[in-house]
Number of protein chains: 2
Amino acid sequence: MAIRVAVDALGGDHPPEEIVAGALAAASPDLIPVIYGPQELDTHGLEHVVTTGEPVAMDDKPAEAVRGKPESSLVRAVRAVGDGDADAVVSAGNTGAMLAASLLYIRRLPGVFRPGIAIVIPTRRGPSVLIDAGANADARPEHLLQFGHMGSIFAQEVLDIAAPRVRLLSIGEEPEKGNQLTLDAHALLEESSLRFEGNLEGRELLEGGCDVVVCDGFTGNVALKTLEGTIRTVLHALRTEIAVGVRGKIGGLLIRPAGRKLRTRLDPEETGGGYLLGLRGLVVIAHGSSSRVAIANATRLAARGIEHDVVARLGEVLPERVVESSRSTNPSERTRG
Amino acid sequence: MAIRVAVDALGGDHPPEEIVAGALAAASPDLIPVIYGPQELDTHGLEHVVTTGEPVAMDDKPAEAVRGKPESSLVRAVRAVGDGDADAVVSAGNTGAMLAASLLYIRRLPGVFRPGIAIVIPTRRGPSVLIDAGANADARPEHLLQFGHMGSIFAQEVLDIAAPRVRLLSIGEEPEKGNQLTLDAHALLEESSLRFEGNLEGRELLEGGCDVVVCDGFTGNVALKTLEGTIRTVLHALRTEIAVGVRGKIGGLLIRPAGRKLRTRLDPEETGGGYLLGLRGLVVIAHGSSSRVAIANATRLAARGIEHDVVARLGEVLPERVVESSRSTNPSERTRG
């Protein structure tokens, strides 16, 4: 049976036409995008659920947006998964609102404290997964432990890594380096059943120092955006340097295919987005700046998650592991409430 | 009069000979490096203060190391500045121990809550300064406000930027994006006399979206290391891609000068290290992995700080501004103690 992916046409920085174009590009006999957006939108024959509510803005407060705009395309697309009208949902809109709507209409898997965004990083040694890429700007040690479990299951199921090596993003390899959050999380991860291999520094992110990178959503988001921006700036700077002399110009033409290949491999638009893990349904969060290419890839990413049965696998494996995380709930829980 | 820079020969990942070679390269009639290290070290005629204590290890607990190893090269080199035997100190050793030793033997400028590490980033639009790059893994909103003031004075005095634009490193440009720390700091920065221009995302770090980037030491350290690692991995990956075919190989030879120029501009070893600002003396923290090139540049950086009279300027300007920061001390101070 074909996979149905609800696509929020009004999320992100681009006009809805760009989102529709992306969904259209991803459509196939096995993948049916369902557009959630206003009546007047030309969906080029794609299935279309007309939404009438005011759209959720990028700077809307998440909880207020979900409560106050129940008929928005974002909330309606998320609800479609909760109601069983779609298998998965994709939006490039307000991440906080996506999280709030998902918590309300799709709900968490049993025992999950907080869903986390899992992003695949195309490292030099193959794909690794970073979790949390931005769902929880403030997190607690036990949340990070759960992210480790969710990321590990994801790496096994989707990336086909038999025994994923898990590391904690911090400011030094030594266990005593870090802030209070990572120090406490380090202790929990070390006691856990995960294949935990200690702290990872930012410089190893793109090198592929492990299979699962655990961090709070603030740190993960800053690190990922720094990574993306740096790739773009370096490739741009190289083009500028090359363009200076004749020698460089000719050399630049000759290496163009190599540069293009590299750019494609490292381009975040190629990944399309991240999974919001820990829910009873599949949610893909795309970049706010997603072009049609990124939306197409995000839609395919959603379908791949359904094919791999990510939610069911998390639902089977997490509960056993969740016992472990709640048993080791840290004393800091009480003092830092 | 020549500037005297105390150099800790036993800090960092390299053997002391590498540190001495770096100090030697920086020596000039105007810059006298003074080596702090063991008797047997060949200092090639450089001034040498023999230290007999066990060295501070990278994984020593900072406070214990400073208390327990008062005769180590690190502590002795820092004390030299406190005692007036040297104008500045450079170490690639344990950052936490450098901070603890500096607090004890050099002491803070009046009104300063916490010293912060200021690092110059070679952005596409010229240098900008990031503070804090790692002195305070856990910080409070009022610390970030002070980092803004210190970075701003630094940008004026050392980088010659008349009215530095200050931004806060966060996960979205909108003021309501961030974790509790940046939300509170954003409010303080907005009320302040600084030229505050809102949040900055990691993707703009190397683009040069502002003159002063404010963040806590954990976030700053992760972002900087991500930036460095990404530059290295991208340039390496490009070399690998190019090396595949004949066309690419010839092209690679032709663009080599451009690539080298770029690599030099972006190489963290070229900066050498960061200033620990907010103290009554000049302290330069070099990368743990510093080679002789980095140590030479760190030693020159220390001398430049003396020439620009950074400490005196901070001492003059900060007190006026510090009134502002303590007036606006945030209520979170009490609850998150």
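Since the structure is predicted, the reported quantities are computational estimates derived from the model, not experimental observations.

Draft legend 1. Spotlight on the environment of R263 of chain B. For R263 of chain B, the position within the fold is in helix 8 (residues 246–266). Separated by 93 residues in sequence, R263 of chain B and S170 of chain B have C-alpha atoms that sit 27 Å apart.

Draft legend 2. Layout of the sheet that holds strand 10 (residues 273–277) of chain B. Residue and element names in this part refer to chain B. A sheet is described by the order of its strands in space; here 11 strands give the open sequence 3-2-1-4-11-10-5-6-9-7-8, paired in mixed fashion. Of all the strands in the sheet, just strand 3 (47–50) and strand 8 (196–200) have a single pairing partner and so form its edges. Across the sheet, the axes of successive neighbouring strands diverge by a mean angle of 25 degrees, strand direction being ignored. Across three bridges, strand 10 lies against strand 11 (residues 282–286) in antiparallel orientation. Within strand 11, the position partnered with Y275 by the bridge is V284.

Draft legend 3. Local environment of the sheet that holds strand 2 (residues 31–37) of chain A. All names here are of chain A. The 11 strands lie next to each other as 3-2-1-4-11-10-5-6-9-7-8, forming an open sheet whose pairing is mixed. Strands with a single pairing partner mark the edges of an open sheet, and in this sheet they are strand 3 (47–50) and strand 8 (196–200). On average, each strand axis in the sheet is tilted by 25 degrees relative to the strand beside it, whichever way the strands run. Of the strand pairs in this sheet, strand 5 (residues 116–123) and strand 6 (residues 126–131) are connected by six bridges, and their pairing is antiparallel. Paired with P122 across the strands is P127, a residue of strand 6. Running at roughly 165 degrees to strand 2, helix 1 (residues 16–26) makes contact with strand 1 (3–8) and strand 2 of the sheet.

Draft legend 4. The packing of helix 5 (residues 141–157) of chain B against helix 6 (residues 180–191) of chain B, seen in detail. Residues and elements named next belong to chain B. For the pair helix 5 and helix 6, interaxial distance at closest approach is 8 Å and the crossing angle is 50 degrees. In this view, helix 5 runs oblique relative to helix 6, as classed from their interaxial angle. The hand of the helix 5/helix 6 crossing is right-handed. Across from P141, E142, L144, L145 and G148 in helix 5, the residues of helix 6 making contact are L181, D184, A185, L188 and L189. Classifying every residue of the contact of helix 5 with helix 6 by side-chain character gives seven nonpolar, one polar and two charged.

Draft legend 5. Structural view of helix 5 (residues 141–157) of chain A. Taking 1.5 Å of rise per residue, the 17 residues of helix 5 of chain A would be expected to cover 24 Å, and the 25 Å separating its terminal C-alpha atoms lies within 8% of that figure. Most of helix 5 of chain A is tucked away, with 15 of its 17 residues classed as buried.

Draft legend 6. Spatial organisation of the domain arrangement of chain A. Residue and element names in this part refer to chain A. Split by domain assignment, chain A resolves into domain 1 (1–107) and domain 2 (118–270 + 305–337). Contact residues are listed per partner, giving five residues for domain 1 and four residues for domain 2. Residue classes in the side of domain 1 that touches domain 2 are distributed as three nonpolar, one polar and one charged.

Draft legend 7. Structural view of unusual backbone geometry. Residues and elements named next belong to chain A. Residue I131 is joined to D132 through a cis peptide bond whose omega torsion reads 20 degrees. Position of D132 relative to the elements: it lies in the loop between strand 6 and helix 5. Of note in this structure, R107 is not a glycine but carries a positive phi near 70 degrees. Following the sequence through the fold, R107 ends up in the loop between helix 4 (95–105) and strand 5. For R107, a count of 14 C-beta atoms within 10 Å puts it in the partly exposed group.

Draft legend 8. Spatial organisation of the confidence of the model for chain A. Residue and element names in this part refer to chain A. Counting all residues, the mean pLDDT for chain A is 90, and 90% of those residues have values of 70 or more. The model gives residues 330–337 a pLDDT under 50, and that stretch makes nine contacts with residues more than four places away or in other chains. What the predictor reports for the complex is a pTM of 0.90 with an ipTM of 0.89.

Draft legend 9. Inspection of the nonpolar core at higher detail. Formed by 208 residues in total, the largest nonpolar core has its most connected members in V5 and V7 of chain A together with V5 and V7 of chain B. When residues are assigned to domains, this core turns out to be shared by domain 1 (1–107) and domain 2 (118–270 + 305–337) of chain A, each giving three or more. Those residues in contact with V7 of chain B that lie beyond four places of it in its chain are I19, A23, P33, V34, I35, Y36, A77, V90 and T299 of chain B.

Draft legend 10. Just helix 3 (residues 73–82) of chain B, in detail. Residues and elements named next belong to chain B. Among the 10 residues that make up helix 3, nine are buried, leaving the element largely enclosed by the rest of the structure. When helix 3 is considered as a whole, its buried residues turn out to be S73, L74, V75, R76, A77, V78, R79, A80 and V81. Phi turns positive, to about 80 degrees, at G84, one or two residues after helix 3.

So, how was this worked out
- Residues numbered from 1 in each chain as written.
- Chains lettered and ligands numbered in written order.
- Predicted model: local features only at pLDDT ≥ 70, side-chain atom pairs only at ≥ 80, totals over all residues.
- Helix = DSSP H or I, 4+ residues; strand = E, 2+ residues; numbered from the N terminus.
- Pairing = 2+ DSSP bridges.
- Axes fitted to C-alpha atoms, helices over the stretch in contact; angles between N-to-C directions.
- Contact = placed C-beta atoms within 7 Å.
- Parallel < 35°, antiparallel > 145°, perpendicular 65-115°, else oblique.
- Left-handed = near helix turned anticlockwise from the far one by under 90°.
- Nonpolar A, V, L, I, M, F, W, Y, C, P; charged D, E, K, R; others polar.
- Expected span 1.5 Å × (residues − 1).
- Buried ≥ 20, exposed ≤ 12 C-beta atoms within 10 Å, placed from the backbone.
- Domains from an automatic or database assignment.
- pLDDT = per-residue confidence, 0-100.
- Core = buried A, V, L, I, M, F, W, Y, C linked by C-beta atoms within 7 Å.

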